[in-house]
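# A structural walkthrough
So you can see what is in the structure, the chains are spelled out below.
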There are 2 protein chains.
Amino acid sequence: MTDQQLRVCFIGDSFVQGIGDPAYQGWPGRVLAAAGPDVTAFNLGIRRNTSDDVLARVWPEFSSRTAPGADHRLVVSFGSNDTVLEDGAPRVAPARTLANLTALLTEAARRSVAVLVVGPPPVAMHGDEYLDRLLTLATAQAEVCASHGVPFIPLTAALAADLHWNAEALAGDGAHPGAGGYTRAASLVLEGGFLPWLTTPQAAVRR
Amino acid sequence: MTDQQLRVCFIGDSFVQGIGDPAYQGWPGRVLAAAGPDVTAFNLGIRRNTSDDVLARVWPEFSSRTAPGADHRLVVSFGSNDTVLEDGAPRVAPARTLANLTALLTEAARRSVAVLVVGPPPVAMHGDEYLDRLLTLATAQAEVCASHGVPFIPLTAALAADLHWNAEALAGDGAHPGAGGYTRAASLVLEGGFLPWLTTPQAAVRR
């Protein structure tokens, strides 16, 4: 840990929010619990949010949560809703999702805010064609992140193959898992390097 | 439960946010866990926030979290930071805290949003004189709520007398408890009628 107060905003969709989790922690609460009790954390997930929605609110909501002298971090996860078809077209086209990601990372760099991007979890009920499109989007998100020197933790393929994630979602509303699925997602985020990212001083994270 | 999607925003300070809780649930997460897994909940607590700060952001942040046809609720808790002295004066004078509460309840009624107010928890390290002023403020908050037909759940006196709340805070940063204190706060909110309020259709709650 740094000596500074560590402030982390998690922004994204219902999977960030933790919809369906009986403990109301979601994967962010679970990875934070692994970090110890001293993080000042904010969960800004909103169900149905696309990357358009996130981009529209990220900076005003983030700015209300800053403090002088604190070390501010931002964890971003979107794409699962962008990829859902409405009237035969994705809610947000892939090129636009990637442009939104680029805009967010560019502004974060301008503000000297360290960012971590977490890949979009799959919506079980939307099936294989949706999953193929989401995997393609996630790969492209990883490339955008790499070009900005921002870490990306993939979730899509691993959760699509996870028994808890799918069984809990399909036994529920078709999209949102329960404690088992969120625990698995949290494990993937931790295995992907969340704690080293969180505890490395910001100047060394941003390149 | 109503058939409508139930959306609840919790807004306030660090005690709403759950600072110091190793499970990152705070009292809101703990009362929601008692409500079952089907609530769409948003924790909008921000540490150091006064009633001025809450009033400045409540409606934009709430509006981003509404959905067509949903049953929208708002749980509000502030005053602990207002009452802290800076340069010999409270950060927000009691009359202004109450005016902020009145403004919030008036706008909530205009928007047909059902509100529940939770009394301000005490900051252990600030001692008896602070506690006396906070108890007076909490009593006045209860009166404002009564005059608006809004339920108020007091926490101040019970938490000031709670061993976990005080011991955990004084063993930590002087203000924020751990799991024991937040569990006690959640129990008080549940005993104060949170679940009946949450599960009563909105029209019957608002008078």
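Below: a short report on this structure. Since this is a predicted model, take the numbers as computed values, not measurements.

This brings us to the interface of chain B and chain A. Much of the literature gives interface size as the accessible area that the parts lose upon coming together. With 28 residues of chain B in contact, the opposing surface of chain A contributes 28 residues. Between chain B and chain A, a total of about 2100 Å² is buried, with carbon and sulfur atoms accounting for 49% of that surface. At the junction of chain B and chain A, the tally comes to 2 salt bridges. Linking chain B to chain A there are 12 residue pairs in polar contact (both at pLDDT 80 or more). Of all elements in the fold, only α2 (26-35), β2 (40-45) and α3 (51-63) of chain B reach the threshold of two or more residues within the side of chain B that touches chain A. Along the lines of polarity and charge, the residues of the side of chain B that touches chain A split into 12 nonpolar, 10 polar and 6 charged.

Residues and elements named next belong to chain A. The element strand β3 (residues 71-77) is largely enclosed, with a buried count of 7 among its 7 residues. Every second residue of β3 is oriented toward a common face, with Asp 71, Arg 73, Val 75 and Ser 77 on one face and His 72, Leu 74 and Val 76 on the other, all of them buried. In terms of strand pairing, strand β1 (residues 6-12) meets β3 through 7 bridges, oriented parallel. Residue pairing for β3: Cys 9 is matched across the bridge by Leu 74. Pairing analysis gives 4 bridges linking β3 to strand β6 (residues 114-118), with the strands arranged parallel. Bridged to Arg 73 within β6 is Ala 114.

Let us now look at the sheet that holds strand β7 (residues 152-153) of chain A. All names here are of chain A. Here 5 strands make up an open sheet; going across it, the order is β2-β1-β3-β6-β7 and the pairing parallel. A strand with exactly one partner marks an edge of an open sheet, and here the two such strands are β2 (40-45) and β7. Strands β1, β2, β3 and β6 of the sheet are contacted by helix α2 (residues 26-35), whose axis makes an angle of about 155° with β1. Strands in contact with helix α4 (residues 94-110) are β3 and β6; relative to β6, the strand with the most contacts, it is inclined by about 155°.

All names here are of chain A. If you walk through the whole model with that rule in mind, you get 20 salt bridges over all chains. For Arg 73, the salt bridge identified is with Asp 71, shortest N-O distance 2.8 Å. Judged by relative accessible area, which is 0%, Arg 73 ranks as buried. With its nearest N and O atoms 2.8 Å apart, the salt bridge here joins Glu 107 to Arg 110. With a gap of 3 residues between them, Glu 107 and Arg 110 both fall in helix α4, about one helical turn apart.

Here is what the cut-offs are and how they apply
Residues numbered from 1 in each chain as written. Chains lettered and ligands numbered in written order. Predicted model: local features only at pLDDT ≥ 70, side-chain atom pairs only at ≥ 80, totals over all residues. Heavy atoms only, no water. Contact = heavy atoms within 4.5 Å. Buried area = accessible area lost by both parts, 1.4 Å probe. Salt bridge = Lys/Arg side-chain N within 4 Å of Asp/Glu carboxyl O. Polar contact = N/O pair within 3.5 Å; in protein donor to acceptor, adjacent residues only side chain to side chain. Helix = DSSP H or I, 4+ residues; strand = E, 2+ residues; numbered from the N terminus. Nonpolar A, V, L, I, M, F, W, Y, C, P; charged D, E, K, R; others polar. Buried < 20%, exposed > 50% of the residue type's maximum accessible area, 1.4 Å probe, protein only. Pairing = 2+ DSSP bridges. Axes fitted to C-alpha atoms, helices over the stretch in contact; angles between N-to-C directions.

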